[in-house]
Amino acid sequence: MANKKQYASFSNRFIESFAGTLLMNEPKVAIIELIANAWDAGATEVKINWPLNDGEQFFISDDGHGMTEAEFEKRFMTLAYERNSDIGAFAIIPESHKQKIAVRPAFGRNGKGRLASFAFGESFNVQTTNGGRELTFNVFIDSNNQLAFRKIIEKVGAITHGTKIFIDRALKPRLNAENAKKEIGMRFLVDPHFNVFLNGDKISFEDIPEDHIHNLNVSVPEVGSFEIRVIDVQTTDKTTQLHGIAWHVKNRLVGECTWKGSGSEHLIDGRKAAAKRYIFIVKADCLEEAVAADWTSFLPYNEKYKKAVAKIYDEIRAYLLEITKEQREDTFSDIENSTRPLLRKMGIANREKWEKFIREVQEECPSIGAEELEKIGGLLAKLETTESKYSLIHTLANASVNDLNNLNAILNKWDIDLVKLVLDEIEWRSELLERLQTKVINSRTDEVQELQPLFHRGLWIFGPEYETIEYTSNKGMTTVIQHLFGGKGVQGSLTRPDFAILPDSTVGLYTLPKYDHNFSEVGIDRLTIIELKRPGIAIGREQKGQAWGYVKELYAKGMLKDYSSVTCFVLGSELEPLESEVTKEKGDKVIIIPMVYDTVIRRAKSRLLNLHDKIIQAPFLKDERIKAYMDDKAQQVLF
């Protein structure tokens, strides 16, 4: 008993919940679905007997391709039948109809429409013929609430193909015959070779009430006159199938009825209700010579067609804009009211420009919702009051889809102030590194004093302690070191009193004060000396000794105390062999560190987390390289 296979049970409303309550209970929805099945079967003619009283027969018959027994079992009786994977997204056209029908996109996707017959009775019969063999099945819901059928007739039929669904004693539909004609006419008149008859009357444009139909006339010079019938279903159908623009030439449909390729897709987005509501039927007999041989389209390079289609699409566009005008005005008024505080800050001309832009977006991009458009309006108003104006819009317009997705992801995690703070820091450090790198590798940079201000800004290169501690230039110490050379400092030193310009180098001195327990400054706690040697001077024992000489002089002048600690960086383009060791004096109070510029640059890149190489193509770094190149060219001329 434990291994016995168990099955799921079905409630009384399972089939109804699967197909949809409206489909199995609402005659208007049901008849549209049943006619759509005939359309999908490649039919050209559909006949309906609409019961006027309870107990009368209901039937719908078509001259479509019909079904074999195997096809009936698979297509008609399979719940959630996948039409696209089985027979494709287009109707199968019987051979006898191919002269009338070029191409026909199918309505059906999952087979639910076949259950629409239950709207007219508790069970129904399906009589279908394919290849001259007629089969009749009775379809019902059994005692286990499962969809079931039994074959009741099999014989040679009087016709070669077609399907008829009938109920001998049907329920009287809640929809009367006249309204049924109206609903059918508004949806199935797009193809002149798809005719529907109800109780013997052929459904035509006359069955569509005046408030659902409107006629436009368009004259195209050197081409001819066109009549456009606009059908407004006034309700929203579940799909855009048989909605859009249909072209009739000599009482035949060219291609399919669709919004695709009409130039109006941006005006009436297929996801919007309006796209499932309007049909434009263009009578274009004067374009017969422009029709492709298979009637699937017009010849795109035909001059008459090109002139006509441009004019007609303009007319349809104008019509669509007119019918949505009131809705756009209401939306614009809401946006204007919500943005009013910003609009008050703008001049009249700028306000007019803002208004023109919002209205154009409403017309050209109707798929943008009112909420999104309100945000756009607020953004534009803010931009108008900024110094940068609309440069942000130009930047975004030039960005790729991936760029925009990445920007959105960043702003979802960071606010703009934090992003700017981080990027500003990375930018100025990267620019500094680019300038240093350009200067130290250029043999013409004989004015070493050009580098000293860069290192003053780049103390962070030498260690993390310089990130949070504020070091400042010490002009008093600078003067002492200049006097060490008896006034032999190079000309121009008075213009840069923040560092000492010496015959073979420049020396920058950066100090951190020492404070007593009352927070009063009592002397120098730390001193950092950066000496930059000119190209051609190798750093050796003598150069390292010069740095120690500066420190001894500062001690002698009383500018350094026993508690002061000193770090000297002696930098140059080359280093004598065996002289790369760090030298310590006065115990560990004075440290002298020799280093070549290449090592400095590598250390700087490491301190910047190697971001410099990753963002080497950033515009601000490219600008720095261009500037360095132009300066180098100018120096070449001088030398």
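Look above for the structure.
So, here is what we can say about the structure in this document. (Residues numbered from 1 in each chain as written. Predicted model: local features only at pLDDT ≥ 70, side-chain atom pairs only at ≥ 80, totals over all residues. Heavy atoms only, no water.)

With respect to the nonpolar core
Then comes step 1: Judged by nonpolar contacts, the single largest core of 54 residues is most densely connected at Ile 31, Ile 48, Trp 50, Phe 58 and Ile 184.
Then comes step 2: Sort the elements by how many residues they give to this core and helix 3 (residues 27-40) lands first, with 7 residues.
Then comes step 3: If we skip the residues at most four places from it in the chain, Ile 48 touches Ile 31, Ile 35, Phe 58, Phe 59, Ile 60, Ile 184, Val 196, Phe 197, Leu 198 and Asn 199.
Then comes step 4: By size, the runner-up hydrophobic cluster in this structure holds 30 residues, among which are Ile 228, Val 249, Val 254 and Leu 320. (Core = buried A, V, L, I, M, F, W, Y, C linked by side-chain atoms within 4.5 Å. Buried < 20%, exposed > 50% of the residue type's maximum accessible area, 1.4 Å probe, protein only. Helix = DSSP H or I, 4+ residues; strand = E, 2+ residues; numbered from the N terminus. Contact = heavy atoms within 4.5 Å.)

Looking at a nonpolar patch on the surface
Then comes step 1: Taken together, the side chains of Leu 407, Ile 410, Leu 411, Trp 414, Ile 416, Leu 418, Leu 421, Val 422 and Leu 423 make up a nonpolar region of the molecular surface, amounting to roughly 820 Å² of accessible area.
Then comes step 2: Counting residues per element, the ones that place at least two in the nonpolar patch are helix 12 (401-413) and helix 13 (416-440).
Then comes step 3: Ranked by residue count, the leading element in the nonpolar patch is helix 13, at 5 residues.
Then comes step 4: Along the chain, the position of Trp 414 falls in the loop between helix 12 and helix 13.
Then comes step 5: Exposure remark for Trp 414: the relative accessible area of 40% places this residue in the partly exposed category. (Patch = residues over 30% accessible without salt bridge, like charges linked within 9 Å, V, L, I, M, F, W, Y side chains within 5 Å. Areas by Shrake-Rupley, 256 points an atom, 1.4 Å probe, with all protein chains shown as cover. Salt bridge = Lys/Arg side-chain N within 4 Å of Asp/Glu carboxyl O.)

A word on the pattern of salt bridges
Then comes step 1: Applying the stated criterion across every chain, the model contains 32 salt bridges.
Then comes step 2: Arg 429 is the salt-bridge partner of Glu 425, the closest N and O atoms lying 2.9 Å from each other. Taken together, the residues span about one helical turn, with Glu 425 and Arg 429 both in helix 13 at a distance of 4 residues.
Then comes step 3: Since its relative accessible area comes to 11%, Arg 429 is described here as buried.
Then comes step 4: The salt bridge involving Glu 531 is made with Lys 533; its shortest N-O contact spans 2.9 Å.
Then comes step 5: Residue Glu 531 is classed as buried on the basis of its relative accessible area of 1%.
Then comes step 6: Relative accessible area serves as the criterion here: at 1%, Lys 533 is assigned to the buried category.

Here's the deal with the packing of helix 9 (residues 348-364) against helix 10 (residues 370-384)
Then comes step 1: Packing of helix 9 against helix 10 leaves a shortest axis separation of 11 Å and a crossing angle of 155°. Here helix 9 is positioned roughly antiparallel relative to helix 10, judged by the angle of their axes. With respect to the hand of their crossing, helix 9 and helix 10 are arranged in right-handed fashion. When helix 9 is examined against helix 10, the residues Asn 350, Lys 353, Trp 354, Phe 357, Ile 358, Val 361 and Gln 362 are found in contact with a partner set consisting of Leu 373, Ile 376, Gly 377, Leu 380, Ala 381 and Glu 384.
Then comes step 2: A class-by-class count of the residues in the contact of helix 9 with helix 10 yields 8 nonpolar, 3 polar and 2 charged. (Axes fitted to C-alpha atoms, helices over the stretch in contact; angles between N-to-C directions. Parallel < 35°, antiparallel > 145°, perpendicular 65-115°, else oblique. Left-handed = near helix turned anticlockwise from the far one by under 90°. Nonpolar A, V, L, I, M, F, W, Y, C, P; charged D, E, K, R; others polar.)

A few points about helix 10
Then comes step 1: Helix length check: helix 10 (15 residues) gives 21 Å between terminal C-alpha atoms against 21 Å at 1.5 Å per residue, within 8%.
Then comes step 2: Elements that come into contact with the buried residues of helix 10 comprise helix 8 (325-343), helix 9 and helix 11 (391-397). (Expected span 1.5 Å × (residues − 1).)

A word on unusual backbone geometry
Then comes step 1: Located in the positive-phi region is Leu 578, a residue other than glycine, with phi close to 70°.
Then comes step 2: In this structure, Leu 578 sits in the loop between strand 18 (565-572) and strand 19 (583-585).
Then comes step 3: Backbone geometry at Lys 586 places phi at a positive 50°, although glycine is not the residue there.
Then comes step 4: Checked against the element boundaries, Lys 586 lands in the loop between strand 19 and strand 20 (590-596).
Then comes step 5: On the basis of relative accessibility, which here comes to 35%, the residue Lys 586 falls in the partly exposed class.

Focus on the pairing of strand 12 (residues 253-258)
Then comes step 1: Of all 6 residues making up strand 12, 5 are buried, and the element is well covered by its neighbours.
Then comes step 2: Pairing of strand 11 (residues 244-248) with strand 12 involves 3 bridges; the strand directions are antiparallel. By the bridge assignment for strand 12, Trp 247 is matched with Val 254.
Then comes step 3: Connecting strand 11 to the next strand, strand 12, in antiparallel fashion are 4 residues, including Lys 250 with a positive phi near 50°. (Pairing = 2+ DSSP bridges.)

Let's talk about the environment of Glu 183
Then comes step 1: Relative to the elements of secondary structure, Glu 183 occurs in helix 6 (residues 177-185).
Then comes step 2: The sequence separation of Glu 183 and Ile 208 amounts to 25 residues, and the corresponding C-alpha distance is 7.9 Å.
Then comes step 3: Within the structure, Glu 183 has its side chain in polar contact with the side chain of Arg 187 (distance 2.7 Å). (Polar contact = N/O pair within 3.5 Å; in protein donor to acceptor, adjacent residues only side chain to side chain.)

Some thoughts on the sheet that holds strand 3 (residues 124-130)
Then comes step 1: Pairing is mixed in the open sheet, where 8 strands are placed in the order 5-4-3-6-2-1-7-8. Every interior strand has two partners, whereas the edge strands, strand 5 (147-156) and strand 8 (201-202), have only one.
Then comes step 2: In the sheet, strand 7 (residues 195-198) pairs with strand 8 via 2 bridges, with the strands oriented antiparallel. Bridging across to strand 8, Leu 198 finds its partner in Asp 201.
Then comes step 3: Of the strands in this sheet, strand 3, strand 4 (133-141), strand 5 and strand 6 (161-167) are in contact with helix 4 (residues 69-76), which crosses strand 4 at around 30°.
Then comes step 4: Against the sheet, helix 6 makes contact with strand 1 (45-49), strand 7 and strand 8, and its axis sits at roughly 170° relative to strand 7, the strand it touches most.

Quick word on the sheet that holds strand 10 (residues 224-232)
Then comes step 1: Taken in spatial order, the 5 strands make up an open sheet running 9-10-13-11-12, and their pairing is mixed. The sheet is open, and its two borders are formed by strand 9 (213-220) and strand 12, each paired with just one other strand. Each strand axis lies, on average, 20° off the axis of its neighbour in the sheet, ignoring direction.
Then comes step 2: Where strand 10 lies against strand 13 (residues 278-283), 6 bridges are found, and the strand directions are antiparallel. Bridge pairing in strand 13 places Arg 229 opposite Ile 281.
Then comes step 3: Contacts between helix 7 (residues 303-323) and the sheet are confined to strand 9, strand 10, strand 11 and strand 13, with strand 9 contributing the most and set at about 145° to the helix.

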